[in-house]
Amino acid sequence: MGILEAKEYLKKWGKDRDVLEFNQSSATVQEAAKAANVEPARIAKTLAFRDKENVAMLIVTAGDVKIDNAKFKREFGFKARMLSHEETFEITGHPVGGVCPFGLKSDIPVYLDVSLKRFETVFPACGSGNSAIELTCEELELYAKSKRWVDVCR
């Protein structure tokens, strides 16, 4: 599971060949920024949460922001509760550090945070702790099949 599924998923847009595989870890924002030689804010981190019915959801944010609990609750109507590493892997098929909205094991909703919109391109992971792909926000929105843009970060 992981990078192979992400690449296969991105193939329908001809983007599988654009996946970057690093010789170093890109599992954290700082590591990914160093590996991709970009500022940490341009790393698009994918966070896994559960809703009030225990259903999983993903939110993709800029690398330099944190979830704002009050904004999250106003947007979704429940308190932000992150999935454990094991639950995240079981639901997405991607290990923590490589979680992305591509090639997911389960059909779960994906939301994009407006913190990403300040950049021409961003770098989400691609299913492994040493991968990424450079995408415009429009490409990310399309490929992630996102439900909508949200404002849930500070």
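Residues numbered from 1 in each chain as written. Predicted model: local features only at pLDDT ≥ 70, side-chain atom pairs only at ≥ 80, totals over all residues. Heavy atoms only, no water.

**Here's the deal with the packing of aromatic side chains**
Phase 1 of the analysis: All told, the structure shown has 8 aromatic pairs when counted by the stated rule.
Phase 2 of the analysis: Centroid distance W13 to Y143: 4.6 Å. Interplanar angle 40°. Geometry classified as tilted. Remark: Y143 occurs in helix α5 (residues 137–143) and W13 occurs in the loop between α1 (3–10) and β1 (20–21); sequence separation between them is 130 residues.
Phase 3 of the analysis: Ring centres of F49 and F72 lie 5.2 Å apart, and the angle between their planes is 45°; this geometry places the pair in the tilted category. Here the residue F49 occupies a position in strand β2 (residues 43–50), and F72 occupies one in helix α3 (residues 69–76), the gap between them amounting to 23 residues. One exposure class covers both F49 and F72, and it is buried.
Phase 4 of the analysis: Taken together, the ring pairs connect F49, F72, F76, F78 and Y111 into an aromatic cluster.
Phase 5 of the analysis: The positively charged end of K117 is found above the aromatic ring belonging to W149, 4.6 Å away from the centroid. (Phe/Tyr/Trp six-rings, centres within 6.5 Å; stacked < 30°, edge-to-face > 60°. Helix = DSSP H or I, 4+ residues; strand = E, 2+ residues; numbered from the N terminus. Buried < 20%, exposed > 50% of the residue type's maximum accessible area, 1.4 Å probe, protein only. Lys NZ or Arg CZ within 6 Å of the ring centre and 35° of its normal.)

**Considerations on the pairing of strand β6 (residues 121–124)**
Phase 1 of the analysis: Alternating residues of β6 divide into T121 and F123 and V122 and P124, and every residue in both groups is buried.
Phase 2 of the analysis: Where β2 lies against β6, 2 bridges are found, and the strand directions are parallel. Bridge assignment links I43 to a residue of β6, and that residue is F123.
Phase 3 of the analysis: The sheet contact formed by β6 and strand β8 (residues 135–136) spans 2 bridges and is antiparallel. In the strand pairing of β8, V122 is matched with L135. (Pairing = 2+ DSSP bridges.)

**Here's the deal with unusual backbone geometry**
Phase 1 of the analysis: The backbone phi angle of N54 is positive, close to 70°, even though this residue is not glycine.
Phase 2 of the analysis: Mapped onto the fold, N54 is located in the loop between β2 and β3 (56–62).
Phase 3 of the analysis: Phi is positive for K145, close to 50°, though the residue is something other than glycine.
Phase 4 of the analysis: In this structure, K145 sits in the loop between α5 and β9 (148–150).

**Some details on the pattern of salt bridges**
Phase 1 of the analysis: Following the criterion strictly, the structure yields 9 salt bridges and no others.
Phase 2 of the analysis: Between K7 and E21 there is a salt bridge, and its shortest N-O distance comes to 2.6 Å. Linking K7 in helix α1 with E21 in strand β1, this pair joins segments that are 14 residues apart in sequence.
Phase 3 of the analysis: For R118, the salt bridge identified is with D64, shortest N-O distance 2.5 Å. Of this pair, R118 sits in the loop between β5 (110–113) and β6 while D64 sits in the loop between β3 and α3, and the two are 54 residues apart along the sequence. (Salt bridge = Lys/Arg side-chain N within 4 Å of Asp/Glu carboxyl O.)

**Examining the nonpolar core**
Phase 1 of the analysis: F72, F76, F102, L116 and L140 are the most contacted members of the largest nonpolar core, which totals 44 residues.
Phase 2 of the analysis: Counting only elements with at least two residues in this core, the list comes to α1, β2, β3, α3, β5, α5 and β9.
Phase 3 of the analysis: Per element, the largest residue contribution to this core is 6 residues, and it comes from β3.
Phase 4 of the analysis: Leaving out residues up to four positions away in the same chain, F76 has contacts with M57, I59, Y111, R148, V150 and V152.
Phase 5 of the analysis: Counting residues in hydrophobic clusters, the runner-up holds 10 residues, among them A33, A36, I43 and A132. (Core = buried A, V, L, I, M, F, W, Y, C linked by side-chain atoms within 4.5 Å. Contact = heavy atoms within 4.5 Å.)

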